[in-house]
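# Structural description and commentary
Here is how the chains run, residue by residue.
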Amino acid sequence: MKTLKKLLTLIILVFAVSCGKEKTVIKNNRPIVNVKVSTPSTLDENFFNASGKVEAVQNANLSTRMMGFVNNVYVKVGDKVRKGQLLISINSTDINAQKAQVNASIAGAKAAFKTAEKDYNRYKVLFNDESASQKEMDDITANYEMAKARLEATKQKKNQVNAQLLYTNISAPFSGIVTGKFINNGDMASPGTPLISMEAPEKFQVIAMVPESEITQIKNGTDVSVTIKSSNEVVKGKVTEISTSTKNTGAQYFVKVVLEKTDVTLLSGMFTSVQFPVSKSTSGKILIPTASIIKRGELNGVYAVSSSNTALLRWLRLGKTFGDKTEVLSGLSATEKFIISSEEKLMNGANLNIQ
């Protein structure tokens, strides 16, 4: 009985002590970070973005139809050249020998033609005076025509040899800059193999690849904006050519955009993002600045502002890009605030001072 009373007394004391203690409050002692926030927006216009690459409007890969050893390469990459300037010379000993033979044939054909022409004119007078028969006149006329044909044939052979010589001396087809040199002195040049590439850097264009879901909404003459990815600068351009087949372009339609003259530094091969205006509606789509997206491996997120004014990392499912903004498919509502910039490094749960 006494043991039971002692047990009950102990329980009552423990209960009284526990009730008398104050509740412990967990405080967020993390430092306050100054941030700027925004809410998702929508575009005033409808756009579709496609990737592309810069290239010069006038460019060429120079090759030869002749096989032979390269005697000299007179230029290097980066050299400025003028139209008609000699770039490469290929050994042409065989062709020069052919040219000498043709010149000899032409000399013989000219002598034969002059003799045939004199005979023809003499027999023509005799025939008119009825001193030569019709058969004699026909024979001398045939001889004259054959001599004339042989002379013309030898002249055409000379033209052919001269054309071959042009392919042993590669000259610049226009004024520009050498962008590639693919052969050296002593190398064997092969027909159709590129030897020199060059371009005229005064005017540039972008070749963009567009999927079939969007190609029907792009029209010739449309003004577009082109973002140079390396510098994030924007250049204006105009659609000048639209492909109607994907036979040789990997299920993508190519669209050519000629760029306007600009002070932005442009080089062939630069990657771009071309913004085409289309009629497809973007109403109801949630858009946030691409620069505010946090990347963690394959995951994309953004810091939202919680009800207790702290940073809350939200993982997002993203859609297409529209200029400098990206579509959010899920993970953020249209009315939620999110952080676009901070003075210090953010972490999940950080206290915020919204400026």
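Described in the following lines is the structure provided in the data block. (Residues numbered from 1 in each chain as written. Predicted model: local features only at pLDDT ≥ 70, side-chain atom pairs only at ≥ 80, totals over all residues. Heavy atoms only, no water.)

### Comments concerning the overall build of the chain
Rule in force here: The helix and strand labels rest on DSSP assignments: H or I over at least four residues marks a helix, E over at least two residues marks a strand, and numbering proceeds from the N terminus. Buried, partly exposed and exposed residues are distinguished by accessible area as a fraction of the type maximum, computed with a 1.4 Å probe on protein chains only: under 20%, between the cut-offs, and over 50%, respectively. Every residue pair with non-hydrogen atoms within 4.5 Å of one another is taken to be in contact. Areas reported as accessible are Shrake-Rupley estimates using a 1.4 Å probe. Residue values count occlusion only from the protein chains shown.
A tally of helices and strands in the chain yields four helices and 20 strands. Within the chain, buried positions represent 34% of all 355 residues. Within the chain, contacts between residues at least 6 apart in sequence are counted, and of these 72% link residues at least 24 apart. Put simply, the chain shows about 22,300 Å² of open surface, and 53% of that area lies on carbon and sulfur atoms.

### Concerning the packing of aromatic side chains
Each aromatic ring pair is specified by the distance between its two centres and by the angle formed by the two planes. Formally: Under the pairing criterion, centres of Phe, Tyr and Trp rings, with the six-membered ring standing for Trp, must be within 6.5 Å; the plane angle then separates stacked pairs below 30 degrees from edge-to-face pairs above 60, leaving the rest tilted.
According to the stated counting rule, one finds two aromatic pairs in the structure shown. Relative to Y144, the ring of Y120 has its centre 4.7 Å away and its plane inclined at 15 degrees; by these criteria the two rings are stacked. A residue pair is termed long-range when its members are at least 10 positions apart, and Y120 in helix α2 (residues 93-128) and Y144 in helix α3 (residues 134-166) qualify at 24 residues. No difference in accessibility class separates Y120 from Y144, as the two residues are buried.

### Things to note about the packing of α2 against α3
Filter applied, for reference: Here, axes are lines fitted to C-alpha atoms. For helices the fit covers the stretch in contact, and angles between N-to-C directions go from 0 to 180 degrees. The labels follow the angle: roughly parallel below 35 degrees, roughly antiparallel above 145, roughly perpendicular from 65 to 115, and oblique for the rest. Crossing handedness follows the turn of the near helix against the far one: under a right angle anticlockwise gives a left-handed crossing, and clockwise gives a right-handed one. Residues are grouped as follows: Ala, Val, Leu, Ile, Met, Phe, Trp, Tyr, Cys and Pro are nonpolar; Asp, Glu, Lys and Arg are charged; all remaining types, including Gly, are polar.
In the contact formed by α2 and α3, the axes pass within 8 Å of each other and the chain directions differ by 160 degrees. Considered as vectors, α2 and α3 are oriented roughly antiparallel to each other. Both α2 and α3 take part in a crossing whose hand is left-handed. The class makeup of the residues in the contact of α2 with α3 is 17 nonpolar, ten polar and eleven charged.

### Here we look at α2
For the α-helix, the turn length of 3.6 residues means that residues three or four positions removed from each other point alike. Short version of the rule: For a helix, the expected span equals 1.5 Å multiplied by the number of residues minus one.
Taking 1.5 Å of rise per residue, the 36 residues of α2 would be expected to cover 52 Å, and the 52 Å separating its terminal C-alpha atoms lies within 8% of that figure. All buried positions along α2 are accounted for by I95, V102, I106, A109, F113, A116, D119 and Y120. Tucked into the core, α2 has its buried residues touching α3.

### Topic: a nonpolar patch on the surface
Note the threshold: Like-charged residues are merged into a patch within 9 Å and nonpolar side chains (Val, Leu, Ile, Met, Phe, Trp, Tyr) within 5 Å, provided each residue has over 30% relative accessible area and no salt bridge. Should a side-chain nitrogen of Lys or Arg be within 4 Å of a carboxyl oxygen of Asp or Glu, the pair is scored as a salt bridge.
On the surface, M67, F69 and M188 cluster together to form a nonpolar patch covering roughly 330 Å² of accessible area. Judged by its relative accessible area of 47%, F69 is partly exposed.

### Description of the nonpolar core
The cut-off we apply is this: Residues enter a nonpolar core if they are buried and are Ala, Val, Leu, Ile, Met, Phe, Trp, Tyr or Cys, with the set joined through side-chain atoms within 4.5 Å.
Counting residues in each nonpolar core, the largest one holds 25 residues, and the members touching the most others are V257 and F276. With 19 residues, the next largest nonpolar core counts V73, L195, M198 and A200 among its residues.

### What to know about the environment of N300
Rules: Two N or O atoms form a polar contact when they lie within 3.5 Å of each other; inside protein one atom must be a possible hydrogen donor and the other a possible acceptor, and for residues adjacent in sequence the pair counts only when both atoms belong to side chains.
Its place among the elements puts N300 in strand β16 (residues 299-305). Classification of N300 by relative accessible area gives buried; the value is 18%. Put simply, N300 and R314 are 14 residues apart on the chain and 8.5 Å apart in space, counted from C-alpha to C-alpha. Not counting residues up to four positions away in its chain, the partners in contact with N300 are I293, I294, K295, R314, W315, L316 and L318. Looking at N300, its side chain comes within polar contact range of the side chain of K295, at 3.0 Å.

### Side note on the pairing of strand β11 (residues 233-242)
Applied cut-off: We treat two strands as partners when DSSP finds at least two bridges between them.
Sheet topology places strand β10 (residues 223-228) next to β11; six bridges connect them, and they run antiparallel. What sits directly across from V226, in β11, is V235. Note that β11 and strand β12 (residues 253-259) share five bridges and pair antiparallel. Bridge assignment links G237 to a residue of β12, and that residue is L259.

As far as function goes, none of this settles anything; it's purely spatial.
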